[in-house]
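Given next are the chains, with one letter for each unit.
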Amino acid sequence: MINIKSSEEIKILREGGKILASILSEVARKVKPGLATVELDQLSEKLIRKNNGEPSFKNYKTRDDRFSYPASLCVSINDEIVHGIPSKNRILKQGDIVSLDLGMKYKNLYTDMATTIGVGKISDQAEKLIDVTKKSLALGIKSIKDGACIGDIGSAVQLYAEKNGFNVVRHLVGHGVGYKVHEMPDIPNYGSKGTGLKLKKGMVLALEPMIVIGSSDIILDKDNWTWKTKDGLLSVHFEHTVAVTRNGAEILTKIQ
Ligand code: MF3
Ligand code: CO
């Protein structure tokens, strides 16, 4: 079953999404060479609590209940795709690209968002991968409206990424969100137009393209959380929480 959120619930998600976006911007502004990634996590948690939210990734359990995510923020650097664990031993350096992924429970409803930024000066190729991933998310969002299909989103993301010479990660997907961190349906970043489940007004979705320079093969790190590219090449990740409307999509995690 796919949850449909009421307009009152979407109002709260909009409020929470705005707060989450401003927190993530503030955290992103701290990124600089020499900083330990744990400091970004601590700031994220502090700002979420100050705004009467709860960090929704903290203690998040894997499906089999064996592992629990230890932080509020995911920090994934270079060949790390998603779910990198912040650490006092992980120091950002000039030229890195860093994905920051943050989720918040606010008034009992969940929003989810990610952005990728460079640390100091980065390569032209990294710059292009960031631009293309950001644009692919925008195109995915643009394909949404009541009556469109899940495949329309994936198709828009995939076509733009591949047209620019990059590949989409297929093993990891976007998702419904709102009552929980992850809800049905899955939102793949590949697909064919006009296929898959029909979108309906009131669905709330987290779109999160993960785009890579090389092969889309991925591996799970021995920490049991961090997904990385198998070939060690760069990966970029952007995410927004959006609500399906009659004639489009409203970005709930909008940057002010
Ligand atoms: N935005 C990430 C996702 O949808 C959040 C992961 S939650 C974690 O996969 F707890 F698993 F890190
Ligand atoms: Co997500």
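Structure shown above.
Values in this document were obtained by computation on a predicted structure and should not be read as measured data.

## Overview of the coordination of the cobalt ion (ligand 2)
In this structure, D112 (OD), H175 (NE2), E208 (OE) and E239 (OE) serve as the protein donors to the cobalt ion (ligand 2), at separations of 2.1 to 2.2 Å. One way to put it: the six donor atoms around the cobalt ion (ligand 2) meet at angles of 69 to 169°, and that makes the site irregular. Going along the chain, you hit the donors of the cobalt ion (ligand 2) in the pattern D-x62-H-x32-E-x30-E. With D112 in strand β5 (residues 109-118) and E208 in the loop between β9 (204-207) and β10 (210-212), this residue pair connects regions lying 96 residues apart in the sequence. In terms of burial, D112 and E208 fall into one category: buried.

## Section: the packing of aromatic side chains
Aromatic rings considered in pairs are described by the distance between their centres and by the relative angle of their planes. Enumeration according to the criterion identifies one aromatic pair in this entry. Each ring, one from Y69 and one from W225, has its centre 5.2 Å from the other, and the planes form 80°; the classification is edge-to-face. Taken together, the residues Y69 in the loop between β1 (54-55) and β2 (73-77) and W225 in the loop between β11 (218-220) and β12 (227-229) connect sequence positions 156 residues apart. Residue Y69 is classed as buried on the basis of its relative accessible area, which comes to 2%. Here the guanidinium or amino end of R170 rests over the ring plane of Y190, the centre of that ring lying 4.5 Å away.

## Some remarks on the pattern of salt bridges
Scanning the model with the defined rule gives nine salt bridges in all. In this structure, the salt-bridge partner of E183 is K5, at a minimum N-O distance of 2.7 Å. With E183 in strand β8 (residues 183-187) and K5 in the segment before α1 (7-29), the pair connects residues that are 178 residues apart, well separated along the chain. Each member of the pair E183 and K5 is classed as buried. With its nearest N and O atoms 2.6 Å apart, the salt bridge here joins R14 to E250.

## Things to note about the sheet that holds β10
Spatially, the three strands line up as an open sheet ordered β6-β10-β13, and their pairing is antiparallel. In this open sheet, the two edge strands, each paired with only one partner strand, are β6 (167-168) and β13 (235-237). Taken together, the three bridges between β10 and β13 define a ladder with antiparallel strand orientation. Among the inter-strand pairings, M210 is bridged to a residue of β13, identified as H237.

Scoring rules and cut-offs
- Residues numbered from 1 in each chain as written.
- Chains lettered and ligands numbered in written order.
- Predicted model: local features only at pLDDT ≥ 70, side-chain atom pairs only at ≥ 80, totals over all residues.
- Heavy atoms only, no water.
- Donors = N, O, S within 2.8 Å, 3.2 Å for Na, K, Ca; no water.
- Tetrahedral: all angles 85-135°; square planar, octahedral: opposite > 155°, others 65-115°.
- Helix = DSSP H or I, 4+ residues; strand = E, 2+ residues; numbered from the N terminus.
- Buried < 20%, exposed > 50% of the residue type's maximum accessible area, 1.4 Å probe, protein only.
- Phe/Tyr/Trp six-rings, centres within 6.5 Å; stacked < 30°, edge-to-face > 60°.
- Lys NZ or Arg CZ within 6 Å of the ring centre and 35° of its normal.
- Salt bridge = Lys/Arg side-chain N within 4 Å of Asp/Glu carboxyl O.
- Pairing = 2+ DSSP bridges.

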